[in-house]
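Spelled out, the chains give:
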Amino acid sequence: QVQLVQSGGGLVQPGGSLRLSCAASRSIFNIYAMGWYRQAPGKQRELVAEITNTGDTNSADSVKGRCTISRDNAKNTLYLQMNSLTPEDTAVYYCKAVWYDLLGTYWGQGTQVTVSS
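We now examine the pattern of salt bridges. Taken as a whole and assessed by the stated rule, the structure comprises five salt bridges. We note a salt bridge from D101 to R26, for which the minimum N-O separation is 3.0 Å. Taken together, the residues D101 in the loop between β9 (91-99) and β10 (106-107) and R26 in the loop between β3 (18-24) and β4 (31-39) connect sequence positions 75 residues apart. Judged by its relative accessible area of 25%, R26 is partly exposed. Taking the shortest distance from any N to any O, the salt bridge between R38 and D89 comes out at 2.9 Å.

Applying the stated criterion across every chain, the model contains four aromatic pairs. Look at Y37 and W107: their rings are 5.3 Å apart centre to centre, the planes differ by 70°, and that puts the pair in the edge-to-face class. Taken together, the residues span a long stretch of sequence, with Y37 in strand β4 and W107 in strand β10 at a distance of 70 residues. Judged by its relative accessible area of 15%, Y37 falls in the buried class. Ring centres 5.7 Å apart and planes at 75° place the aromatic pair W99 and Y106 in the edge-to-face group.

A few words now on the nonpolar core. Counting 30 residues, the largest nonpolar core has W36, L78, L80, M82, Y93 and W99 as its most contacted members. When contributions to this core are tallied by element, the ones reaching two or more residues are β3, β4, β5 (46-52), β7 (67-72), β8 (77-82), β9 and β11 (111-115). Residue contributions to this core peak at five residues, all from β9. Leave out the neighbours within four places in its chain, and W99 touches V2, L4, A24, R26, S27, I28, N30, I31, Y32 and Y106.

Per the stated rule, a full pass over the model turns up one disulfide. Here C22 engages in a disulfide with C95; their sulfurs sit 2.1 Å apart. One disulfide, between C22 and C95, carries an S-S torsion of 55° and so falls in the right-handed class. Residue C22 is found in strand β3, and its partner C95 is found in strand β9; the two are separated by 73 residues along the sequence.

Procedures and definitions
Residues numbered from 1 in each chain as written. Predicted model: local features only at pLDDT ≥ 70, side-chain atom pairs only at ≥ 80, totals over all residues. Heavy atoms only, no water. Salt bridge = Lys/Arg side-chain N within 4 Å of Asp/Glu carboxyl O. Helix = DSSP H or I, 4+ residues; strand = E, 2+ residues; numbered from the N terminus. Buried < 20%, exposed > 50% of the residue type's maximum accessible area, 1.4 Å probe, protein only. Phe/Tyr/Trp six-rings, centres within 6.5 Å; stacked < 30°, edge-to-face > 60°. Core = buried A, V, L, I, M, F, W, Y, C linked by side-chain atoms within 4.5 Å. Contact = heavy atoms within 4.5 Å. Disulfide = S-S within 2.5 Å.

Structure, rendered in structure tokens:
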């Protein structure tokens with residue numbers, strides 16, 4: 001059973017920074033894609049940023065210039081560095097992974113990020 005275990009959420013003041021981590025229980029060397037999504041209360045889950053097997057990245061316009069997605073293949077871990085946070089970034093954040101050799105999409109357990117003074 002593949003697991004994605006997230007860490008790093010919490011409460012931060014506006015303008016602050018957080019780094020989210022997502023550790024996979026299997027190698028991400030041959031990952032098809034990994035990404036971060038978020039879901040705010042009453043809203044649909046939306047893409048924050050994603051990274052492909054070749055290292056290409058894509059991010060939502062709302063976070064461009066403020067969030068950086070990266071991965072460490074040696075640690076089987078995906079990261080999301082978030083800077084200049086605003087209350088609009090408040091949501092539950094989920095990591096997602098798709099492997100070439102596994103059926104289905106795998107999700108982390110979700111981590112709450114709250115931006116408030």
